[in-house]
Amino acid sequence: MKRRDLFRMGGLAALGAAGVSACGSGGGSGAAGSTQLQFMYWGSTFEKAAVEKMLKSFEQKNQDIKVKPVFTPDEYDVKLNSLVAGGTTPDLGYVPMSMSFRLAEQGNLVNLFPYLQKYPQLAGYLPDAYLWYGQDKLHGVATANEIELLWYSKSAIAAAGAATPPAVASSAWSWDQLVENAYKLTVDQNGKHPDESGFDPKQVRQFGISISLTYAAAWYGFLRSNGADFADEAGKKCLLDTPEAIQVFQNLQDLIHKHRVAPGPGQLAATGDDVPGTNILLKTKRVAMVVDGHWSLLDMNESKVDYGIGVLPKYAEPFTTSQVAGASSVFSTTKHVEEAVELFAFHIDPRYVDLYQQGLWMPQEKKYYEDQAAVDSWTKNDGHPPEFRTAVVDYARDHGVPDLRNRVKNLSAISSDVLTPALQELESGKRPAAEVLKEVSPKITGMLQGWQHVQEP
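Residues numbered from 1 in each chain as written. Predicted model: local features only at pLDDT ≥ 70, side-chain atom pairs only at ≥ 80, totals over all residues. Heavy atoms only, no water.

Remarks on the environment of Pro350
- Take Pro350: it is sitting in the loop between helix 12 (337-347) and helix 13 (367-370).
- Among the residues examined, Pro350 registers a relative accessible area of 6% and is labelled buried.
- When near neighbours in sequence (up to four residues on either side) are disregarded, Pro350 contacts Tyr356, Gln357, Pro363 and Tyr368. (Helix = DSSP H or I, 4+ residues; strand = E, 2+ residues; numbered from the N terminus. Buried < 20%, exposed > 50% of the residue type's maximum accessible area, 1.4 Å probe, protein only. Contact = heavy atoms within 4.5 Å.)

Remarks on empty space enclosed by the protein
- Tallied over the full model, the rule gives 3 cavities of 30 Å³ or more.
- As for the largest cavity, its lining consists of Leu126, Asp128, Ala129, Ala142, Asn145, Ser322, Gln323, Val324 and Gln364.
- Among the elements that take part in the lining of the largest cavity, strand 12 (residues 320-324) stands out by supplying 3 residues, more than any other.
- Taken together, the residues of the lining of the largest cavity break down into 4 nonpolar, 4 polar and 1 charged. (1 Å grid on protein atoms, 1.4 Å probe; cavity = no way out; pocket = protein on both sides within 12 Å on 5 of 7 lines; lining within 4 Å. Points joined across faces, edges and corners; volume = space filled by probe spheres on them. Nonpolar A, V, L, I, M, F, W, Y, C, P; charged D, E, K, R; others polar.)

Remarks on the packing of aromatic side chains
- For the structure shown, the criterion picks out 18 aromatic pairs.
- Centroid distance Trp175 to Tyr315: 5.8 Å. Interplanar angle 15 degrees. Geometry classified as stacked. Taken together, the residues span a long stretch of sequence, with Trp175 in helix 7 (residues 175-185) and Tyr315 in the loop between strand 11 (307-310) and strand 12 at a distance of 140 residues.
- Classification of Trp175 as buried rests on a relative accessible area of 6%.
- Seen from their ring centres, Phe346 and Tyr352 are 3.9 Å apart, and the 5 degrees between their planes marks the pair as stacked.
- By way of ring pairs, the aromatic residues Phe39, Tyr41, Trp42, Phe71, Tyr76 and Tyr94 are connected into one cluster.
- Above the face of the Phe319 ring, Arg224 is positioned so that its terminal group lies 5.7 Å from the ring centre. (Phe/Tyr/Trp six-rings, centres within 6.5 Å; stacked < 30°, edge-to-face > 60°. Lys NZ or Arg CZ within 6 Å of the ring centre and 35° of its normal.)

Thoughts on the pattern of salt bridges
- According to the stated counting rule, one finds 12 salt bridges in the structure shown.
- The salt bridge involving Asp354 is made with Lys53; its shortest N-O contact spans 3.5 Å. Linking Asp354 in the loop between helix 12 and helix 13 with Lys53 in helix 2 (residues 45-61), this pair joins segments that are 301 residues apart in sequence.
- Put simply, Arg431 and Glu435 hold a salt bridge, and the shortest N to O gap is 3.2 Å.
- With a relative accessible area of 17%, Arg431 lands in the buried category.
- One continuous salt-bridge network, built from bridges that share partners, spans Arg389, Asp394, Arg397 and Asp398. (Salt bridge = Lys/Arg side-chain N within 4 Å of Asp/Glu carboxyl O.)

None of this, on its own, says anything about what the molecule does.
Shown next as structure tokens:
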């Protein structure tokens, strides 16, 4: 599974093939005089190594605490649900976003609000990082920040004579400029562009742009940029049938079926529904520009792609979706709350975890977007291109809007039952956006339960 697929589930990295051992009920005592904690998490092989390194560092700084890593790369939500049902949850760890609010409301997660004063770094996070389930009730924070970006192949841009996507939000392309450049970057097997006679849409060698219609984070920034939203202020009425929202989705549909500059369903699949990662699409020049998350940076560097990073096109004010890499929480079954919170505060600190410097994660603490020395500490290296400061750091700080998954109650059911099927129909091009959205919006309204609680830490 691709990282983007896991973000749909509240996960982050690619799945592996290991299982999970039964966790003790809230940990226990290890060697004489030591506290034993269990830390449960998912991730790729690279993330597994980084987390284990972080846990060793924590043990070195806290000689009286031992931490057992509980690496769970597959069926994480199923296995965690089983541990919750059996009262054998670990002391702390990752929690899929779709599950975290439910577990908190059921009393399975520690309220971290009282600890914000004790650990100042926890009180200094970006607002979207906090996961509230009521007034002064904080069940966790997002493990890492991620935003949607416009990735592009430098060589494809140069060969087509297209404009380089802007790396500064104030200079973001209009939608028409995106389409104009996507035409230049789209060619069939005979070298013809979509606006030329004889262009063969069934034999496209390189598409100009790829934007997922079924992945909410990819289009939510466009929705907000055009003055629209998913729901009204109360979170009880769906607004996807408004003219502003319809325009956004019709534009996305037109990229595929009118302009023919973007791939339709199955056109990029290597086998079945297996679509190559953004790094592969750019390196092989199957696509020249792709809207995808910041986490792609790690794969770009490892694959040695000749890539560049731009900000997303805009309608009015530029926006990008700030996503959450799953929640991090402390389980209420722990017998060592203070020690578990100590590790909780430690485990996503960029001083101790190198996933930030390596390009998989973005920090949650505000200072890493505002203080120059702090920004340099995770971005001033060979893995971050020159445009990273404006295209990612400044863009995330000034133009990020929180992902729907940590805002809309009952979103998991809404997505599976009505939203995703409607978006798949839009992607197929069988009906125009207005017709599909006017039909599905009342159904979504009937399922909406409001926005999640938010407050200042």
